[in-house]
Amino acid sequence: MWWHDAVKPWWFELIQSGSVVVDVGAHIGDTVAAFAEKVGPTGHVYAIEPGPKLFVHLVERTHTLTHVDAYRLAISDENRKHRTVVHWGDFTLLDWDAPSAKNWEHISHPAQDIALKEVFMVSFITLDEFVAWFVDKKIDWLKIDVDGGEGSVIRGAMKVLKEHHPSILIEIGYETMARLYDHPLELLTRLEGLGYRFWDPYERVQYTLEGVLHHIHRNGFNGANDFVCLHTTREN
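The text that follows walks through the structure, step by step, so that each part is easy to find. (Residues numbered from 1 in each chain as written. Predicted model: local features only at pLDDT ≥ 70, side-chain atom pairs only at ≥ 80, totals over all residues. Heavy atoms only, no water.)

Quick look at the environment of Lys137
So, step 1. With respect to the element layout, Lys137 can be found in the loop between helix 3 (127–134) and strand 8 (141–144).
So, step 2. Lys137 sits 117 residues away from Val20 along the chain, and the two C-alpha atoms are 7.3 Å apart.
So, step 3. Among all residues touching Lys137, those that are not within four sequence positions of it are Val20, His44, Tyr46 and His164.
So, step 4. Of note is the side chain of Lys137, whose polar atom sits 3.2 Å from the side chain of Asp136. (Helix = DSSP H or I, 4+ residues; strand = E, 2+ residues; numbered from the N terminus. Contact = heavy atoms within 4.5 Å. Polar contact = N/O pair within 3.5 Å; in protein donor to acceptor, adjacent residues only side chain to side chain.)

Focus on the nonpolar core
So, step 1. Counting 40 residues, the largest nonpolar core has Leu127, Phe130, Leu161, Ile168, Ile170 and Leu191 as the members making the most contacts within it.
So, step 2. A total of four residues in this core trace back to one element, the largest contributor, which is helix 8 (residues 209–218).
So, step 3. What Ile168 contacts, discounting residues up to four positions off in sequence, is Trp141, Leu142, Ile144, Leu161, Leu191, Tyr196, Phe227, Val228 and Cys229.
So, step 4. Ala26, Val32, Val39 and Phe55 belong to the second largest nonpolar core, which has 21 residues in total. (Core = buried A, V, L, I, M, F, W, Y, C linked by side-chain atoms within 4.5 Å. Buried < 20%, exposed > 50% of the residue type's maximum accessible area, 1.4 Å probe, protein only.)

Examining the sheet that holds strand 8
So, step 1. Reading across the sheet, the eight strands line up as 3-2-1-8-9-12-10-11 and stay open at both edges, with mixed pairing between neighbours. The open sheet has two edge strands, strand 3 (68–71) and strand 11 (206–207), and neither has a second partner.
So, step 2. The pairing of strand 10 (residues 196–199) with strand 12 (residues 225–231) spans four bridges and is classified as antiparallel. Counted as the bridge partner of Arg197 is Leu230 from strand 12.
So, step 3. Against the sheet, helix 2 (residues 52–62) contacts strand 2 (44–48) and strand 3, and its axis sits at roughly 165° relative to strand 3.
So, step 4. Across the sheet, helix 3 is in contact with strand 1 (20–24), strand 2, strand 3 and strand 8; its angle to strand 2 comes to roughly 130°. (Pairing = 2+ DSSP bridges. Axes fitted to C-alpha atoms, helices over the stretch in contact; angles between N-to-C directions.)

Observations regarding unusual backbone geometry
So, step 1. One non-glycine residue, His27, lies in the positive phi region at around 55°.
So, step 2. One can find His27 in the loop between strand 1 and helix 1 (30–39).
So, step 3. Residue classification places His27 among the partly exposed residues on the basis of a relative accessible area of 33%.
So, step 4. Residues other than glycine seldom take positive phi values, yet His165 does so here, at roughly 50°.
So, step 5. Take His165: it is sitting in the loop between helix 5 (158–164) and strand 9 (167–172).
So, step 6. What makes His165 partly exposed here is its relative accessible area of 22%.

A short note on the pattern of salt bridges
So, step 1. According to the stated counting rule, one finds eleven salt bridges in the structure shown.
So, step 2. In this structure, Asp140 and Arg234 form a salt bridge, with 3.7 Å as the shortest nitrogen-oxygen distance. With a gap of 94 residues between them, Asp140 in the loop between helix 3 and strand 8 and Arg234 in the segment after strand 12 connect regions that are remote in the sequence.
So, step 3. Accessibility expressed as a relative area gives 17% for Asp140, which makes it buried.
So, step 4. Residue Arg234 is classed as partly exposed on the basis of its relative accessible area of 25%.
So, step 5. Sharing partners across several salt bridges, the network here consists of Asp77, Arg155, Asp182, Glu186 and Arg190. (Salt bridge = Lys/Arg side-chain N within 4 Å of Asp/Glu carboxyl O.)

Quick look at the environment of Ile28
So, step 1. Residue position: Ile28 is located in the loop between strand 1 and helix 1.
So, step 2. Accessibility expressed as a relative area gives 28% for Ile28, which makes it partly exposed.
So, step 3. Separated by 29 residues in sequence, Ile28 and His57 place their C-alpha atoms 5.2 Å apart.
So, step 4. Aside from chain neighbours lying at most four places away, what touches Ile28 is Leu54, His57, Leu58 and Arg61.

Some words on the pairing of strand 1
So, step 1. The element strand 1 is largely enclosed, with a buried count of five among its five residues.
So, step 2. Residue alternation in strand 1 divides its side chains into two sets, Val20, Val22 and Val24 and Val21 and Asp23, and both sets are buried.
So, step 3. Where strand 1 meets strand 2, five bridges bridge the pair, whose relative direction is parallel. Across the sheet, Asp23 pairs through a bridge with Ala47, a residue of strand 2.
So, step 4. One crossover worth recording links strand 1 to the parallel strand 2 by way of helix 1, and it is right-handed.
So, step 5. Note that strand 1 and strand 8 share four bridges and pair parallel. Looking at strand 8, one finds that Asp23 is bridged to Lys143. (Right-handed = clockwise from strand over helix to strand, strands pointing away.)

As structure tokens, then:
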């Protein structure tokens, strides 16, 4: 999820100076740096990245920015401390300690998996819990790029979404969500029920829920797609 530095998409201009942004799946900090510049020193960016190697790069890139805080956590739909995580495929996180891990036997054990990136320990926390602990401001923007775990992030953020109505930039893909036994329809239905509408991030075109699913399908089962979700109270 990114855009060319010289051509910022239309939604980027909606981020105002002084805004509060939570970046879930901050990776090495490309989006964090752009958000930090946009919100300025009166705003704040909370960057969350579970991978230890990526987190090192994230901290190196943002440590001089006093209005950026970085956290090595995994955002999910429940709180689970110190879990063994498999970084599999295109950065998908699998909690190997979870009871549902037995369903992942077809993927192969991590020690034998040729797509294995790394194995590490990390604590899982819901976004609702994260905000309660670490954020003392209203959230204006929420970016979610967690390679299949987007549904889990949303399920664990219901209180924040209902109270803050943040604008959301999210990546959604059939194949990445299917790895975690999830589906875009559940995520989109949940957001629509909260009052969110869906927009193309590169052309200011609004989609229906069915239009989003068609767009994802058109781009192929293995593709991931970015969407902007604006609450009806923030569309103007």
